[in-house]
Amino acid sequence: MELSKSNLNSLSLLKKIPKSVHQELLSLIFGVLLQQADETEIEKSQSLKQIDSTLLKEVFSGLITIVIQAIKNNLNAKSLAQFLKDTNAPTEFVGLLSTAYGKTFQKIKEIHLETTGFYLKKLIDINWRMDYIIKSNKIEQIDKPVYFIDLNLQKKDGQIEKLKFSCDTNQLQDLVTTLKDAVLAKKTLK
Amino acid sequence: MVIIYFNNEQKEDLQFLQELSFEVGSKIVQVSIDFFKGNYNPKLLQNVSTKLNLPQLKVERCVYALSYLFTESSKLSLSKSDFLESVNAISPTKEIEECLLESYQKNREEMRRILSEMSLKLPSIDSLQWRLDVQISSRRTSNEAKPVYLLKLKTSDNRTVWFQADYNELESMTNQLEIALKESKSQHYKRIKKYIK
């Protein structure tokens, strides 16, 4: 995992923050990542308010970047701890950080990273209906079956789009054959 | 037995055919068939009228009445006897009658096809293309190995929809459509088909 110099620098800046505040800082960071808190928490906390704001900003952004990069690279708590040890971060802090990371990284991954990927509409459901056409105002004695197919597609933001089309028996047969081929392709893959 | 009824105006227009020689009459019948198929050309009507030395308005109205005859008979899929019975309303000569019947029988299938195109329908499926990919990484996550299907569906109203699906969804979609297909061979469907006929 690679980090920019400024991010690594933020780790050494930690030394300037009193140890008593470290835990609170970590709660803030993971609170923000889990979307349970935001930066206004800083105002509410006596100890965090007292820290120089430039310093706090640098450390805060550096730590958040480290956590997110770790998640992107699929590090577990142990490998993160190992990585941080090599960077001269204060040992006690490394321990606290990796423990908190270990408890929360799955959740953070779900919340942030998997919902911001590049995304086509996703198929989530299919409905079908079979009708028998008797006549219309233009032509009588039609006497043919018709299928109405309704696909539910979900966009990235959760909105559902419905795709409707009709087909006759032959077209449905072709469709089923095509899909069966597709399903078979996956089976031969693994 | 199904018969087409003409109103008095239409009867009059069709009577016009009687006054013509067979050749001329059949030409007009041909024009009305083309008219139905969509080749309506007002200039053509003009040319035909002048060439045959006939008043254009009468020719036009005759063509419209004939189109009505052919439209209704194709729509109802009239049998030969029903068609002749309907045509009898204007008491045509034997030759005109034969000419009309021949045109009807020759063009009936195509006319029914045109009518069903004009009927109410939802856009139908043109094609479905698929591609199986394995998603490896993206800007925010790496080290994945998720199989994902890319699908492109084209419908008859020229819409192309792209979407993705994972294996489970695709399999369940296939199963559902297979069930749908089996319905067309089920007892229930066969019974309904029999009762409606």
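- With an unreviewed UniProt entry as reference, chain B is termed Comm domain containing protein, source organism Anaeramoeba flamelloides.

- In the nomenclature of an unreviewed UniProt entry, chain A corresponds to COMM domain-containing protein 3 from the organism Anaeramoeba flamelloides.
- The Sequence similarities (unreviewed entry) field of the UniProt record for chain A holds the comment "Belongs to the COMM domain-containing protein 3 family."

## Quick look at the overall build of chain A
Now for step 1: Scanning chain A for helices and strands turns up eight helices and three strands.
Now for step 2: Sequence-ordered secondary structure for chain A, helices as α and strands as β, is α-α-α-α-α-α-α-β-β-β-α.
Now for step 3: Burial statistics for chain A: of 190 residues in total, 41% are counted as buried.
Now for step 4: Residue pairs at least 24 apart in sequence account for 57% of intrachain contacts in chain A once pairs closer than 6 positions are excluded.
Now for step 5: As presented, chain A carries roughly 10800 Å² of accessible surface, and 50% of it is formed by carbon and sulfur atoms.

## With respect to the interface of chain A and chain B
Now for step 1: At the junction of the two partners, chain A supplies 54 residues and chain B supplies 53 residues.
Now for step 2: Carbon and sulfur atoms make up 68% of the area that chain A and chain B hide from each other, which totals about 5200 Å².
Now for step 3: A per-residue breakdown of the area chain A buries against chain B is headed by L123, W128 and K138 of chain A, which together make up 12% of the total.
Now for step 4: The interface formed by chain A and chain B holds two salt bridges in total.
Now for step 5: Measuring nitrogen to oxygen at the nearest pair gives 2.6 Å for the salt bridge that ties K180 of chain A to E178 of chain B.
Now for step 6: In this assembly, chain A and chain B are joined by 16 residue pairs in polar contact (both at pLDDT 80 or more).
Now for step 7: Residue assignment for the side of chain A that touches chain B shows that the elements contributing at least two residues are β1 (122-133), β2 (144-154), β3 (160-167) and α8 (169-187) of chain A.
Now for step 8: With 15 residues, α8 of chain A is the single largest residue contributor to the side of chain A that touches chain B.

## As for the side chain of S98 of chain A
All names here are of chain A.
Now for step 1: Relative to the helices and strands, S98 is located in helix α7 (residues 91-113).
Now for step 2: With relative accessibility at 7%, the residue S98 sits in the buried group.
Now for step 3: If we skip the residues at most four places from it in the chain, S98 touches A77 and A81.

The rules behind these values
Residues numbered from 1 in each chain as written. Chains lettered and ligands numbered in written order. Predicted model: local features only at pLDDT ≥ 70, side-chain atom pairs only at ≥ 80, totals over all residues. Heavy atoms only, no water. UniProt positions renumbered as here; feature names shortened; annotations may be inferred. Helix = DSSP H or I, 4+ residues; strand = E, 2+ residues; numbered from the N terminus. Buried < 20%, exposed > 50% of the residue type's maximum accessible area, 1.4 Å probe, protein only. Contact = heavy atoms within 4.5 Å. Areas by Shrake-Rupley, 256 points an atom, 1.4 Å probe, with all protein chains shown as cover. Buried area = accessible area lost by both parts, 1.4 Å probe. Salt bridge = Lys/Arg side-chain N within 4 Å of Asp/Glu carboxyl O. Polar contact = N/O pair within 3.5 Å; in protein donor to acceptor, adjacent residues only side chain to side chain.

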